[in-house]
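Chain by chain, the residues:
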Protein chains: 2
Amino acid sequence: MAQDRRSGCPINLTLEQLGDRWSLIVIRDVMFGNRRSYGELLSGNEEGIASNILADRLKRLVATGLMTRSPDPSHRQKGIYSLTEAGIQIVPLLAQMCAWGLDHTDPSPLLSVRAKLLVAGGPEMWDALMQELRHLHLGAPEPERSVFKEVRAAYEAAKAP
Amino acid sequence: MAQDRRSGCPINLTLEQLGDRWSLIVIRDVMFGNRRSYGELLSGNEEGIASNILADRLKRLVATGLMTRSPDPSHRQKGIYSLTEAGIQIVPLLAQMCAWGLDHTDPSPLLSVRAKLLVAGGPEMWDALMQELRHLHLGAPEPERSVFKEVRAAYEAAKAP
DNA sequence: ATTGACCGCTTGCGAAATGCAAGTGGCATC
DNA sequence: GATGCCACTTGCATTTCGCAAGCGGTCAAT
């Protein structure tokens, strides 16, 4: 019963966990938007995710070990969602999706700014981002380089030139 | 009407094209298994894709420019599916999915052999594979290095030691 | 020309996922 | 203790998925 899967191929198994139209969107928002609660994720989402879908995906991501949910001390009802190490290691995957999307879809110029930077930065930048995420989500020491700051600066510069 | 999309984010746009449980499976089989016709894809598929889903995905992949369909001279009814350049550039994405799947799912040892090799080979190997795919699918000159051969050799060695 | 096997793809239909809108109930604040 | 907020559910219509069966064109043998 533990093995209810279509095949043991790693590509397939990844697809079984993340192969839908919303899971990676939620991870993207947690990761790059640093949205950590249900409300932030719901109201801030660019694509207009429905509330039940969001609730379902959060539950699933926690169940499959990509995120954890910890209680928010200021609001007992609220939870703070954090990426696990497995979740953080999705960075290169999202980066490749950025790369492909930039080249082969027709993304909006503004939303492409950050993606371009991330793609141009390459694996070094992705590693730095992952370090930073370990700091934000797992309590690791704060790294010197802040990819967030770099990306945000580029975005703001593009938005209001 | 041309723009019927949830957002202009490149990650989202990639997800809108490939974010389901079968599209990338089909691409994987065409790419790594060199299965080029409907029948080969249907009968050879590890995960047991349904015939209507396969037909639908092939249609969609052709429509969105990831593959082309050309007539098979030996069987008038048959088509030969080829990757386009956009399709070939999914290699790094699949490679990252391999990497993540190897680390964070529980893939079968045999099916992991090729994935491990591809991940260990890194971007150079992916580039070589892409060159080879351009030869097989787009008629580019045959490259010296054959990643297919390397991968097949590793697989056979693992299968029957 | 006819038959029969094969093969690419479609159809029908039940089951599941998706998406929208409204609702519920715990929680903090006043 | 009334009010407003917020995390999450529920109901229901629509779409997608998935299985099994079927259909029609093509080829090879006779």
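Residues numbered from 1 in each chain as written. Chains lettered and ligands numbered in written order. Predicted model: local features only at pLDDT ≥ 70, side-chain atom pairs only at ≥ 80, totals over all residues. Heavy atoms only, no water.

**So, the domain arrangement of chain A**
All names here are of chain A. Parsing chain A into structural domains produces domain 1 (7-83) and domain 2 (90-161). Domain 1 puts 14 residues into the contact, and the matching count from domain 2 is 13 residues. Both faces considered, domain 1 and domain 2 share a buried interface measuring about 1,100 Å² in area, 76% of it formed by carbon and sulfur atoms. On the domain 1 side of the contact with domain 2, Leu 24, Met 31 and Phe 32 bury the most area, a combined 49% of that side's loss. Applying the counting criterion to the domain 1 and domain 2 interface returns zero salt bridges. The tally of links from domain 1 across to domain 2 stands at one residue pair in polar contact (both at pLDDT 80 or more). Elements supplying a minimum of two residues to the side of domain 1 that touches domain 2: helix 2 (23-32) and strand 2 (79-83). It is helix 2 that provides the largest number of residues to the side of domain 1 that touches domain 2, a total of six residues. (Domains from an automatic or database assignment. Contact = heavy atoms within 4.5 Å. Buried area = accessible area lost by both parts, 1.4 Å probe. Salt bridge = Lys/Arg side-chain N within 4 Å of Asp/Glu carboxyl O. Polar contact = N/O pair within 3.5 Å; in protein donor to acceptor, adjacent residues only side chain to side chain. Helix = DSSP H or I, 4+ residues; strand = E, 2+ residues; numbered from the N terminus.)

**A closer look at the protein's contact with DNA strand C**
The immediate surroundings of DNA strand C are formed by 19 residues, with A:Trp22, A:Asn52, A:Arg57, B:Ser51 and B:Arg69 found nearest. Backbone atoms, meaning sugar and phosphate, form 56% of the atoms of DNA strand C found within 4 Å of the protein. A:Arg57 is positioned with one of its side-chain polar atoms (N or O) 2.8 Å from a phosphate oxygen of DNA strand C. For the surface near DNA strand C, the per-class residue count stands at five nonpolar, nine polar and five charged. (Near = heavy atom within 4 Å. Nonpolar A, V, L, I, M, F, W, Y, C, P; charged D, E, K, R; others polar.)

**Re the environment of A:Gln96**
Among the secondary structure elements, A:Gln96 is positioned in helix 6 (residues 91-104). Considered as a pair, A:Gln96 and A:Val119 are 23 residues apart in the sequence and their alpha carbons are 7.5 Å apart. Ignoring sequence-local partners within four residues, the contact set of A:Gln96 consists of A:Trp126, B:Pro92, B:Leu93, B:Gln96 and B:Trp126.

**Overview of the state of the cysteines**
Within this structure, the stated rule accounts for zero disulfides over all chains. In this structure B:Cys98 is not part of a disulfide, and its nearest cysteine sulfur, from A:Cys9, lies 6.4 Å away. The exposure class of B:Cys98 is buried, given its relative accessible area of 4%. (Disulfide = S-S within 2.5 Å. Buried < 20%, exposed > 50% of the residue type's maximum accessible area, 1.4 Å probe, protein only.)

**Things to note about the relation of the copies chain A and chain B**
Each of the two copies of the chain can be brought onto the other by a rotation about an axis and a shift along it. The transformation that overlays chain A on chain B combines an axial shift of 0.0 Å with a rotation of 180°, and the residual RMSD is 0.0 Å. Taken together, these values place the two copies in the relation of a two-fold axis. No C-alpha of chain A approaches the rotation axis more nearly than that of A:Asp20, which lies at 2.4 Å. Both copies present the same face, since 100% of the interface residues in chain A are matched by interface residues at the equivalent positions in chain B. (Least-squares fit on C-alpha atoms with pLDDT ≥ 70 in both.)

**Description of the interface of chain A and chain B**
Counting residues at the interface gives 47 residues for chain A, matched by 47 residues for chain B. Summed over both sides, the interface between chain A and chain B buries roughly 4,100 Å², with carbon and sulfur atoms accounting for 66% of that surface. Contact with chain B buries area across many residues of chain A, yet A:Arg6, A:Ile11 and A:Trp100 alone supply 19% of it, more than any other trio. Inspection of the region where chain A meets chain B yields zero salt bridges. At the surface where chain A touches chain B, the tally comes to 18 residue pairs in polar contact (both at pLDDT 80 or more). Contributions of two or more residues to the side of chain A that touches chain B are made by helix 1 (10-18), helix 2, helix 6 and helix 7 (109-138) of chain A. Residue composition of the side of chain A that touches chain B, grouped by class: 24 nonpolar, 13 polar and ten charged.

**Section: the nonpolar core**
In terms of nonpolar packing, the biggest core is built from 86 residues, with A:Ile27, A:Met67, A:Ile90, B:Ile27, B:Met67 and B:Ile90 touching the most fellow members. Among all residues touching B:Met67, those that are not within four sequence positions of it are B:Val26, B:Ile27, B:Val30, B:Leu58, B:Leu61, B:Val62, B:Tyr81, B:Ser82, B:Leu83 and B:Thr84. (Core = buried A, V, L, I, M, F, W, Y, C linked by side-chain atoms within 4.5 Å.)

**Description of the packing of aromatic side chains**
Under the defined criterion, the tally for this structure stands at zero aromatic pairs over all chains. Residue placement shows A:Arg114 over the ring face of A:Tyr155; its charged tip is 3.9 Å from the ring centre. (Phe/Tyr/Trp six-rings, centres within 6.5 Å; stacked < 30°, edge-to-face > 60°. Lys NZ or Arg CZ within 6 Å of the ring centre and 35° of its normal.)

**Structural notes on the pattern of salt bridges**
Residues and elements named next belong to chain A. Scanning the model with the defined rule gives 21 salt bridges over all chains in all. Linking Glu 150 and Arg 145 is a salt bridge whose minimum nitrogen-to-oxygen distance equals 2.8 Å. Taking relative accessible area as the criterion, Arg 145 reaches 35% and is therefore assigned partly exposed. In this structure, Glu 156 engages Lys 159 in a salt bridge whose closest nitrogen and oxygen atoms are separated by 3.9 Å. Remark: Lys 159 and Glu 156 occur in helix 8 (residues 147-159); sequence separation between them is three residues, near one turn of the helix. A relative accessible area of 38% places Glu 156 in the partly exposed class. Taken together, the salt bridges that share partners define one network made up of Asp 20, Asp 56, Arg 57 and Arg 60.

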